[in-house]
Amino acid sequence: MRVLAEVHRRDGYPVNWPERPGEWLSYGPMLGTWVAELGGRLIGHVSLSQGGEGDLAPKLWSERNGATRGATAVVSRLFVAPQARGQRIGALLIGQAVREARHRGLHPVLDVVASDTAAVALYERLGWELMATVEQQWGPQRTVDIRCYAAPS
């Protein structure tokens, strides 16, 4: 939780700080979770799950490819400790999640808040395809732009 709190303070991720961060990290139908360590300290995290109700990318990818939503896996909960950035930790974590999705015969997709420019830059540098930018209602008074990506084939 310490690393997630550091990332939230510095970058505002997650946008809405969860009441129970530990539960947030493991929420949903998980297919896998991986962490990165350096010198015995946790420096990064990523999860892979089946798409949930709020996930937009699985629906978009499925519609475009004539497949069911169940043919996708969602890469999520990616974060890297601020002091460990610039060492390709995020790319390594994403790579692990993508390998697992493909091993299961699923296509990796993800949603990211458009204002998270560092994450957007990482996904695009790794060749992820932007499928759409969609407005999503995050409460009665808040609309957020979400960028939906699919992993390269």
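Residues numbered from 1 in each chain as written. Predicted model: local features only at pLDDT ≥ 70, side-chain atom pairs only at ≥ 80, totals over all residues. Heavy atoms only, no water.

S.K.: Lay out the sheet that holds strand S2 (residues 41–49) in plain terms, naming residues and giving numbers.
M.R.: Read from one edge to the other, the open sheet built from six strands follows the order S1-S2-S3-S4-S6-S5, with strand pairing classed as mixed. Of all strands in the sheet, those bounded by a partner on one side alone are strand S1 (30–38) and strand S5 (129–137). The mean inter-strand angle of the sheet, taken between neighbouring strand axes irrespective of direction, is 25°. Relative to strand S3 (residues 72–80), S2 runs antiparallel, the two being bridged by five bridges. Paired with glycine 44 across the bridge in S3 is valine 80. Strands in contact with helix H3 (residues 57–65) are S3, strand S4 (107–113), S5 and strand S6 (143–150); relative to S5, the strand with the most contacts, it is inclined by about 130°. (Pairing = 2+ DSSP bridges. Helix = DSSP H or I, 4+ residues; strand = E, 2+ residues; numbered from the N terminus. Axes fitted to C-alpha atoms, helices over the stretch in contact; angles between N-to-C directions. Contact = heavy atoms within 4.5 Å.)

S.K.: Explain helix H4 (residues 89–103) to me, and be specific about the residues and the numbers.
M.R.: For H4, spanning 15 residues, the distance from its first C-alpha to its last is 21 Å, which sits close to the expected 21 Å at 1.5 Å a residue. The complete set of buried residues in H4 reads Ile89, Gly90, Ala91, Leu93, Ile94, Gly95, Ala97, Val98, Glu100 and Ala101. Where the residues of H4 are buried, they touch S1, S2, S3, S4 and helix H5 (117–125). (Expected span 1.5 Å × (residues − 1). Buried < 20%, exposed > 50% of the residue type's maximum accessible area, 1.4 Å probe, protein only.)

S.K.: Which residues make up the nonpolar core, and what are the values?
M.R.: Leu48, Leu93, Tyr123 and Trp128 are the most contacted members of the largest nonpolar core, which totals 35 residues. Those elements that provide at least two residues to this core are helix H1 (2–11), helix H2 (21–26), S1, S2, S3, H4, S4 and H5. Ranked by residue count, the leading element in this core is H4, at six residues. Those residues in contact with tyrosine 123 that sit more than four places away from it in its chain are Leu78, Ile94, Leu110, Val112, Trp128 and Tyr149. With 11 residues, the next largest nonpolar core counts Leu60, Val74, Ile146 and Cys148 among its residues. (Core = buried A, V, L, I, M, F, W, Y, C linked by side-chain atoms within 4.5 Å.)

S.K.: Could you give an account of H3, with specific residues and numbers?
M.R.: Within H3, burial applies to Ala57, Pro58, Leu60, Trp61 and Ser62. Where H3 is buried, its residues meet S3, S4, S5 and S6. Backbone geometry just after H3 places glycine 66 at a positive phi near 60°.

S.K.: I'd like to hear about the pairing of S1, residue by residue, with values.
M.R.: Direction of pairing for S1 relative to S2: antiparallel, over a ladder of eight bridges. Its bridge partner being in S2, threonine 33 is matched across the sheet by serine 47. Counted along the chain from S1 to the antiparallel partner S2, the turn is two residues long, and its residue glycine 39 has a positive phi close to 60°.

S.K.: Please give an account of the packing of aromatic side chains that cites residues and values.
M.R.: The full count for this structure, using the stated rule, is three aromatic pairs. With 6.2 Å between their ring centres and 50° between their planes, tyrosine 123 and tryptophan 128 make a pair best called tilted. Plain terms: the ring middles of tyrosine 123 and tyrosine 149 are 6.0 Å apart, the flat faces sit at 55° to each other, and that makes the pair tilted. Residue tyrosine 123 is located in helix H5, and its partner tyrosine 149 is located in strand S6; the two are separated by 26 residues in the primary sequence. Overall, the relative accessible area of 7% leaves tyrosine 123 in the buried class. Note on tyrosine 149: relative accessible area 0%, which makes it buried. A network of ring pairs unites the aromatic residues Tyr123, Trp128 and Tyr149 as a single cluster. Between the NZ or CZ atom of arginine 77 and the centre of the ring of tryptophan 24, over which it lies, the distance is 4.1 Å. (Phe/Tyr/Trp six-rings, centres within 6.5 Å; stacked < 30°, edge-to-face > 60°. Lys NZ or Arg CZ within 6 Å of the ring centre and 35° of its normal.)

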